[in-house]
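Examining the three-dimensional arrangement
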Amino acid sequence: MHNALTELGLTEDFRRAVENFGEMSDKVLIGRVRRIDRGWSTFLCVQRSEMAAATVLAEKRVRNIGADVAVGDWIIVSEDGERILEVLPRRSQLVRRASSDEVRAEAHTIAANLDVVFIVHALDRATNERRLERELVLAFDSGAQPVVVLTKSDSIEATDAARAREAVEAISLNVPVHVVSSLTGEGLDALRAHVRDGATVAVLGSSGVGKSTLVNALTGSDSQLTGATRRGDNKGRHTTTAVDLVPLPDHGWLIDTPGLRAIGLWSSGHGIERAFVDVFTIAEKCRFRDCKHEQEPSCAVRDAVESGSLSEARVASMRRLVAEDAALEIAQQRATRR
Ligand SMILES: Nc1nc2c(ncn2[C@@H]2O[C@H](COP(=O)(O)OP(=O)(O)OP(=O)(O)O)[C@@H](O)[C@H]2O)c(=O)[nH]1
Ligand SMILES: [Mg+2]
Ligand SMILES: [Zn+2]
């Protein structure tokens, strides 16, 4: 049974948690959430098949009453399949701020227990660099490894693709950047290297960039619905409406997600510092430790902008995210005080 669960992506830390159920483990179902809709979780679990004298994967549904679940979660379900007894602690999670509400602070967990986040942008339109920066912060905060994927390479000249990639690399520091086409298959083998050995990869990006098409190309199926983009601006039509965990033939997992309109920060760690490691490294040379890089004397960041070695837009962008993070913290404190 454990072997089959490993194929489902059950890692050592979960295995230990599951073993805490010890004797119980024959009396419960252990599964992984594949989809969530209207208060129900669809989950995959391992069942013994008397006929095949082996274990097989089964898909079941359970109500989410009282359980805070996300796609990718490991759950323990009562034998009768009626209740979620426990959601195992997450080893990583992709979280954004749920609403644009200035006052309330609520988290929306997009997916749980990831190893890698594919941040997808399409080459048939100008890269939204500010969005990419946010996605990088979110991905770093999740605890998983971000990987930037530039899709639709078949739609532009190779020299333009190379130029776009260079611009993206200047923003995505210490992050692999791949140029791919789901139509011709270019670059897909390099992506497959990130999904091997039971790894779970979430696919994040705006509507229409080709997330579902990429998932289909990597799984060699047409399980995910895809939709043509609008003429004129190539924007998507929000074809995918729910997060979906999709198995890969060679034991990896992909999580297809709907194109999110807004990516509000829900900072949990050092996402901003990691996404802006260039600015933070320079800032170590500022005279004041709490330098805001505005009017302070001996500011290394402002010096770098003036000398042209650091982009002003990037510093401004980082400042906005830091301010958003600070505002979020205040909203979070207000929420816990209530
Ligand atoms: N030329 C080309 N078109 C692509 C490629 N990948 C996706 N497309 C097209 O782009 C359109 C949008 O693709 P989807 O996969 O539905 O996009 P998505 O990111 O899943 O969009 P949402 O589900 O709305 O978030 C479809 O018409 C695809 O055929 C590619 O590599 N090359
Ligand atoms: Mg889609
Ligand atoms: Zn400074």
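In case you missed it, the structure is sitting above this.
Right, let's walk through the structure included here. What you see is a predicted model, and the numbers here were worked out from it, not measured in a lab.

**What about the coordination of the zinc ion (ligand 3)?**
For the zinc ion (ligand 3), the protein coordination sphere consists of Cys286 (SG), Cys291 (SG), His293 (ND1) and Cys299 (SG), at 2.1 to 2.4 Å. For the zinc ion (ligand 3), the four donor atoms in the first shell make angles of 105 to 117 degrees at the metal, a pattern classed as tetrahedral. Between consecutive donors of the zinc ion (ligand 3), the numbers of intervening residues give the motif C-x4-C-x1-H-x5-C.

**A short note on the pattern of salt bridges**
The final tally for this structure, using the stated rule, is 18 salt bridges. As a salt-bridge pair, Arg131 and Glu135 come within 2.8 Å of each other at their nearest N and O atoms. Of this pair, Arg131 and Glu135 both sit in helix α3 (residues 129–142), four residues apart, which is roughly one turn of that helix. Its relative accessible area of 0% is what places Glu135 among the buried residues. Between Arg314 and Glu133 there is a salt bridge, with the nearest N and O atoms lying 3.5 Å from each other. Taken together, the positions of Arg314 in helix α10 (residues 312–337) and Glu133 in helix α3 put the pair 181 residues apart, joining distant regions of the chain. The two residues Arg314 and Glu133 agree in class, both being buried. In this structure, a network of salt bridges that share partners links the residues Glu129, Arg130, Glu133, Asp278 and Arg314.

**Some remarks on α10**
Every α-helical turn comprises 3.6 residues, leaving residues that sit three or four positions apart pointing alike. Spanning 26 residues, α10 covers 38 Å between terminal C-alpha atoms, matching the ideal 38 Å at 1.5 Å per step. Taken residue by residue, α10 has Arg314, Val315, Ser317, Met318, Leu321, Asp325, Leu328 and Ala331 as its buried positions. Looking at the buried residues of α10, the elements they touch are β6 (93–97), α3, α7 (271–275), α8 (277–283) and α9 (300–306). The N-cap residue of α10 is Ser311: its side-chain oxygen and the backbone nitrogen of Ala313 are 3.3 Å apart.

**Topic: the packing of aromatic side chains**
Enumeration over the complete set of coordinates arrives at zero aromatic pairs. The side chain of Arg61 reaches across the aromatic face of Trp40, ending 4.6 Å from its centre.

**Points about unusual backbone geometry**
With a phi close to 60 degrees, Asn113 is a non-glycine residue in the positive phi region. At Lys152, a position not held by glycine, the phi torsion is positive, near 65 degrees.

**Points about the sheet that holds strand β8 (residues 116–122)**
Here we have six strands laid out as an open sheet, ordered β10-β9-β8-β11-β13-β12, and mixed in their pairing. Where the open sheet ends on each side, the last strands, each with one partner, are β10 (177–179) and β12 (244–247). The average undirected angle you get between the axes of adjacent strands in this sheet is 25 degrees. Relative to strand β13 (residues 253–256), strand β11 (residues 200–205) is paired through four bridges, and the arrangement is parallel. Its bridge partner being in β13, Val201 is matched across the sheet by Leu254. Lying over the sheet, helix α6 (residues 211–219) contacts β8, β9 (145–151), β11, β12 and β13, oriented at roughly 160 degrees with respect to β13.

**Considerations on the coordination of the magnesium ion (ligand 2)**
For the magnesium ion (ligand 2), the full set of protein donor atoms is Ser212 (OG) and Thr240 (OG1), and the range of their distances to it is 2.0 to 2.1 Å. A residue pair is termed long-range when its members are at least 10 positions apart, and Ser212 in helix α6 and Thr240 in the loop between α6 and β12 qualify at 28 residues. Just as Ser212 is buried, Thr240 falls in that class too.

**Some thoughts on the layout of surface pockets**
Estimates place the volume of the largest pocket at around 540 Å³. Around the largest pocket, the lining comprises 19 residues; the ones closest to its centre are Phe280, Cys291, His293, Met318 and Val322. Mapped by element, the contributors of at least two residues to the lining of the largest pocket are α7, α8 and α10. Sort the elements by how many residues they give to the lining of the largest pocket and α10 lands first, with five residues. Roughly 440 Å³ of volume is contained in the second largest pocket. Around the second largest pocket sit 27 residues that line it, and Lys152, Gly208, Val209, Gly210 and Thr213 are the ones nearest its centre.

**Looking at α3**
The terminal C-alpha atoms of α3, which comprises 14 residues, lie 20 Å apart, in line with the 20 Å expected from a rise of 1.5 Å per residue. Judged by how many residues are buried, α3 sits mostly within the fold: 11 of 14 residues are covered. Positioned one or two residues after α3, Gly143 has a phi angle of 95 degrees, which is positive.

**A word on the site of ligand 1**
Close contacts around ligand 1 come from 21 residues, with Asp154, Ser207, Lys211, Thr213 and Thr240 the closest. Contact between ligand 1 and Ser182: an oxygen atom at 2.9 Å from a main-chain N or O atom of the residue. Gly208 places a polar main-chain atom, nitrogen or oxygen, 2.9 Å from an oxygen atom of ligand 1. Computed on the free molecule, ligand 1 has an accessible area of 660 Å², of which 88% lies beneath the protein chains in the complex. More than half of the atoms belonging to ligand 1 lie within 2 Å of the grid points that define the second largest pocket. Here the residues of the shell around ligand 1 sort into three nonpolar, 15 polar and three charged.

About the cut-offs
Residues numbered from 1 in each chain as written. Chains lettered and ligands numbered in written order. Predicted model: local features only at pLDDT ≥ 70, side-chain atom pairs only at ≥ 80, totals over all residues. Heavy atoms only, no water. Donors = N, O, S within 2.8 Å, 3.2 Å for Na, K, Ca; no water. Tetrahedral: all angles 85-135°; square planar, octahedral: opposite > 155°, others 65-115°. Salt bridge = Lys/Arg side-chain N within 4 Å of Asp/Glu carboxyl O. Helix = DSSP H or I, 4+ residues; strand = E, 2+ residues; numbered from the N terminus. Buried < 20%, exposed > 50% of the residue type's maximum accessible area, 1.4 Å probe, protein only. Expected span 1.5 Å × (residues − 1). Contact = heavy atoms within 4.5 Å. Polar contact = N/O pair within 3.5 Å; in protein donor to acceptor, adjacent residues only side chain to side chain. Phe/Tyr/Trp six-rings, centres within 6.5 Å; stacked < 30°, edge-to-face > 60°. Lys NZ or Arg CZ within 6 Å of the ring centre and 35° of its normal. Pairing = 2+ DSSP bridges. Axes fitted to C-alpha atoms, helices over the stretch in contact; angles between N-to-C directions. 1 Å grid on protein atoms, 1.4 Å probe; cavity = no way out; pocket = protein on both sides within 12 Å on 5 of 7 lines; lining within 4 Å. Points joined across faces, edges and corners; volume = space filled by probe spheres on them. Near = heavy atom within 4 Å. Areas by Shrake-Rupley, 256 points an atom, 1.4 Å probe, with all protein chains shown as cover. Sits in = over half its atoms within 2 Å of the grid points. Nonpolar A, V, L, I, M, F, W, Y, C, P; charged D, E, K, R; others polar.

By themselves these figures say nothing about function.
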